[in-house]
Amino acid sequence: FFSVTSGLEKLWIDKLIALTAPVRVTPTTDYYRSFYYLSDSISSDSDYTLKSIAEKRESAIPLSYNANIDEEIPTHWSSPDLDQNGDIKDLVKIAFAEIDGVPNVSAEDFEMTVGNLKLKQIGNSEQNSQISQASYLGSFDTRNSGLVNTIQPLSAEDLNHLYFTLAYAPENGLESNAHDLFFATPSAVQENLERFFSNVTINSLKTPETGWVIPHHLFPNEGSLTAVALLEQYPKRLIIPQNNSQLEVLKKKYNDAPLGKLTFGSDHNVLTLPNDENILLGHDTVIATTGALTMTGAVQEEAVSTSRHPAEVPFEVAFSLQNTPFKGVVPIRNLEIAKADVTTQFKDRPEKPPFWSYSQNNEYVLPKDPLLGDGILLPKTFREAHVKIGDQGTLSYYSPTTSSVQEMRLPVYVAGFYDPGIIPIGGKFVIANKKITSLFRLSHMQEDSLLSNGINVRFSALDKADQVKEALEKRFQEAGISSYWKVETYKEYEFTRDLIQQLHSEKNLFTLISTVIIIVACSNIISMLIILVNDKKLEIGILRSMGASSPSVACIFGFCGIIMGFVGSLIGAIAAFLTLHNIQALVRFLSWIQGYDMFNPMFYGDTLPHDMSGEALIFVFFATVVISLIAGLVPAAKASMLRPSTILRSE
């Protein structure tokens, strides 16, 4: 119980800070009103545009304003903050330098803004199906392993969808009809296919659930199968189950259609009906399987570069029906990818990068395609709306011009999904590359949203968050920049504070309940030892007559209480280990009983924590032994007060 609750708290906190960091440093109102920040808006070198923290950090000089060529400084602006040498303080670089001075931490800037996401669901039964949603937009941190660990692995469904979307391309991601899809040029399709197969190794294919027409050239030169024959004066279709046990089911499904023996050879195929009638089959007779049939499949690599459409790519396949082997080359046209190995890690920059997020030299990358646009990560809840990897669309924002406000659009496509955990804004939080978030963020005043830009401070030990915050505040104070920066731990973020407090409250409540359970369990030791004292009165009298002191007799029963508590804890620990090892089977059983998921995956993840907590183990052993010792004192005191003469006389 302790291990699961502790594991859940850690899981929830990890997910809450996956999009942020254990400690955040954000600009204050003083920063946004400082001459250091506002001077870029009147500087020609800055294109009269306010700079983000990343741009300030990369800039060679702290101030781009030139009094000789730029406009006059407004009188209501604050005076520049100068250092001891009379130079203007570079607030961003000083902040990063002070953060780097704290041991075992790393810092990276972040940006957060808002935009409108529009996606065209390629392959949807409704060809004009679109999703349009106002979303939060966050920058993708290439070194945030916490975020990357929440990215969902590519499923076979994702690969199938992505594969067949390689034939499509938006006409123009910046035009009003950006969601109208067109076939890409043959050269673009070939390039996409080469990129796909450079990073995917397909191991097996499967047929649709509705069945699959077997090409005649896959049949072996000799052999026979039992088939259900659909007759209309002449066999128009033969249904071949994967094994003979399915024959009767198929026969009833097709209104008692007759069973026949299909004999095939190098020149022709013959169907033998139950009345011994032999029918020579032509090539127009459809011979099909039923249900999903899995087959091994390997792409013919030399044909990838010449294929004009993903459906045309040939595969070498092999499978068996009723223990009869089939093999040959077929296009993937009506087949699906069943199992594949996907490459997501590279030592060096890949020559043909994949369409999904990947790691490169220990840094993570969101891909960008010259035709499709920038790749984005969506919360996994979008999957429930049937959004899939490869779906294309736009991110838009409104930008003021001299005469009006215009909608600006950037082409994007879905490059992956991630688990946002239980963060309140998680269902609407889209992750994109920094260039996109910077462009969107600059379309509105930054002071209106103080959390739109800042610095994420990361370190491995979450329990040291308060110490890191204290160290940073002290260093900022000494550097004279404390008024420009606000330092917060993950327990203080506005959008996570209430959840973190609730998680701690629930953990404390669970701890209290567990302690009460231990106390109730240990109270049984009192009853057992009192009974033991009553049963051992004669032995106690003999020991006292032989010279045993009251404390020594009391120690015997106190020691019994400790041993009972220790042995009980040991047995409980073993039972807990076995339960944790099989907890998913237990959860599935409980879910089956009540008819729905016992623990909602949205809140508890796909699996409950199943690692034994060392902290919980130590607490239970210590608490049980101590409470058992206390419980043993009552019968021990009773045993020590018994008089030998009274005991022996009564016995």
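Quick note: structure is the one above.
Only a predicted model underlies this, so the values are computations on that prediction, with no experimental measurement involved. Each chain carries its own residue numbering, running from 1 in the direction its sequence is written. Given that this is a predicted model, residues contribute local features only at a pLDDT of at least 70 and side-chain atom pairs are listed and counted only at 80 or more, while totals for whole chains, interfaces and linings are drawn from all residues. With hydrogens and water set aside, each side-chain value is computed from the structure's full complement of heavy atoms.

Caption draft 1: Looking closely at the environment of glutamine 246. Runs of H or I in DSSP of at least four residues are treated as helices and runs of E of at least two as strands, each being numbered from the N terminus. Within the secondary structure, glutamine 246 is located in the loop between strand S9 (234-240) and helix H9 (247-253). Working rule for contacts: check all heavy atoms of both residues, and any pair within 4.5 Å makes them a contact. If we ignore the near neighbours within four places in the chain, the residues touching glutamine 246 are Pro241 and Thr290.

Caption draft 2: The arrangement of the packing of aromatic side chains in detail. Only the six-membered ring of Trp is used, alongside the rings of Phe and Tyr, when aromatic pairs are assigned; centres must lie within 6.5 Å, and planes under 30 degrees apart are stacked while those over 60 apart are edge-to-face, with the rest tilted. Within this structure, the stated rule accounts for 19 aromatic pairs. Arranged with centres 5.2 Å apart and planes meeting at 55°, the rings of tyrosine 163 and phenylalanine 196 form a pair that is tilted. Of this pair, tyrosine 163 sits in helix H7 (residues 156-165) while phenylalanine 196 sits in helix H8 (residues 186-199), and the two are 33 residues apart along the sequence. For phenylalanine 196, a relative accessible area of 0% translates into the label buried. Ring-pair connections join several aromatic residues into one group, and the members of that group are Tyr31, Tyr32, Tyr36, Tyr37 and Trp485. Two conditions define a charge located above a ring, namely a distance within 6 Å from the ring centre to NZ of Lys or CZ of Arg, and an angle within 35 degrees of the ring normal. The side chain of lysine 56 reaches across the aromatic face of tyrosine 36, ending 4.0 Å from its centre. The ring of phenylalanine 96 has arginine 57 lying over it, and the distance from NZ or CZ to the ring centre is 3.8 Å. Whether a residue is buried, partly exposed or exposed follows from its accessible area with a 1.4 Å probe, protein chains only, as a fraction of its type maximum: under 20%, in between, or over 50%, in that order.

Caption draft 3: Examining the environment of aspartate 374 more closely. Turning to its location among the elements, aspartate 374 is positioned in strand S22 (residues 373-379). Judged by relative accessible area, which is 13%, aspartate 374 ranks as buried. With residues near it in sequence (within four places) discarded, aspartate 374 still touches Pro367, Lys368, Pro411, Val412, Tyr413, Asn433 and Ile436.

Caption draft 4: Broad picture of the environment of leucine 137. Structurally, leucine 137 is set in strand S3 (residues 130-139). Measuring from C-alpha to C-alpha, the distance between leucine 137 and isoleucine 376 comes to 9.9 Å, with 239 residues separating the pair along the chain. For leucine 137, the contacting residues outside a window of four places in its chain are Glu111, Met112, Thr113, Val114, Leu395, Val430, Ala432, Ile436, Thr437 and Phe440.

Caption draft 5: Spotlight on the side chain of threonine 290. The residue threonine 290 is located in the loop between strand S13 (286-289) and strand S14 (294-299) in this model. Classification of threonine 290 by relative accessible area gives buried; the value is 17%. Setting aside chain neighbours within four positions, we find threonine 290 in contact with Gly211, Ile239, Ile240, Pro241, Gln242, Gln246 and Leu250.

Caption draft 6: Just the pattern of salt bridges, in detail. The term salt bridge refers to a side-chain nitrogen of Lys or Arg lying within 4 Å of a carboxyl oxygen of Asp or Glu. Across all of its chains, the model carries 15 salt bridges by this definition. The partner of arginine 143 in a salt bridge is glutamate 108, with the nearest N and O atoms 2.4 Å apart. One end of the pair, arginine 143, is in the loop between S3 and helix H6 (145-148); the other, glutamate 108, is in strand S2 (residues 106-120), with 35 residues separating them in the sequence. Where arginine 383 meets aspartate 158, a salt bridge forms, and the shortest distance between an N and an O atom there is 2.5 Å. Residue arginine 383 is located in the loop between S22 and strand S23 (392-400), and its partner aspartate 158 is located in helix H7; the two are separated by 225 residues in the primary sequence. According to the relative accessible area criterion, arginine 383 is partly exposed, its value standing at 28%. Looking at aspartate 158, the relative accessible area reads 4%, which means it is buried. Salt bridges here are not isolated pairs; linked through shared partners, they connect Glu108, Asp109, Arg143 and Lys434.

Caption draft 7: Summary view of the packing of helix H13 (residues 497-535) against helix H14 (residues 537-545). Interaxial angles span 0 to 180 degrees and are taken between N-to-C directions of axes, which are lines fitted to C-alpha atoms, for helices over the stretch in contact. Running from N to C, H13 and H14 cross one another at 65°; their axes reach a closest spacing of 5 Å. Across the interface between the two elements, Val533, Asn534 and Asp535 of H13 pack against Lys537, Glu539 and Ile540 of H14. Asp, Glu, Lys and Arg are counted as charged, while Ala, Val, Leu, Ile, Met, Phe, Trp, Tyr, Cys and Pro are counted as nonpolar; the rest, among them Gly, fall into the polar class. Class assignment for the residues of the contact of H13 with H14 results in 2 nonpolar, 1 polar and 3 charged.

Caption draft 8: Quick peek at helix H1 (residues 2-16). Here H1 contains 15 residues, and its C-alpha end-to-end distance of 21 Å stays within 8% of the 21 Å for a straight helix at 1.5 Å per residue. With 11 of 15 residues buried, H1 lies mostly within the body of the structure. Phe2, Ser3, Val4, Thr5, Ser6, Leu8, Glu9, Trp12, Ile13, Lys15 and Leu16 are the residues of H1 that are buried. Given a helix with a known number of residues, its expected span is that number minus one, times 1.5 Å.

Caption draft 9: Looking closely at the sheet that holds strand S20 (residues 363-365). Should DSSP find at least two bridges between two strands, the strands are taken to pair. If you trace the 3 strands from one edge of the open sheet to the other, you get S18-S19-S20, paired in mixed fashion. Taken across any chain shown, the strands that pair with only one partner, and hence form the sheet edges, are strand S18 (345-346) and S20. Two strands pair when backbone bridges link them, and S18 and strand S19 (residues 358-360) are joined in this way by 2 bridges, in the parallel orientation. Residue pairing for S19: phenylalanine 346 is matched across the bridge by glutamine 360.

Caption draft 10: Representation of the sheet that holds strand S6 (residues 200-206) in the model. Taken in spatial order, the 5 strands of this open sheet run S16-S15-S14-S6-S17, and their pairing is antiparallel. Two strands in the sheet have a free side with no partner beyond their single neighbour: strand S16 (324-331) and strand S17 (336-342). Sheet twist, expressed as the mean angle between neighbouring strand axes with direction ignored, is 25°. Pairing geometry for S14 and strand S15 (residues 314-321), over 4 bridges, is antiparallel. Paired with glycine 297 across the two strands is valine 317, which belongs to S15. Here H7 sits on the sheet and contacts S6 and S17; the angle it forms with S17, its principal contact strand, is near 105°.

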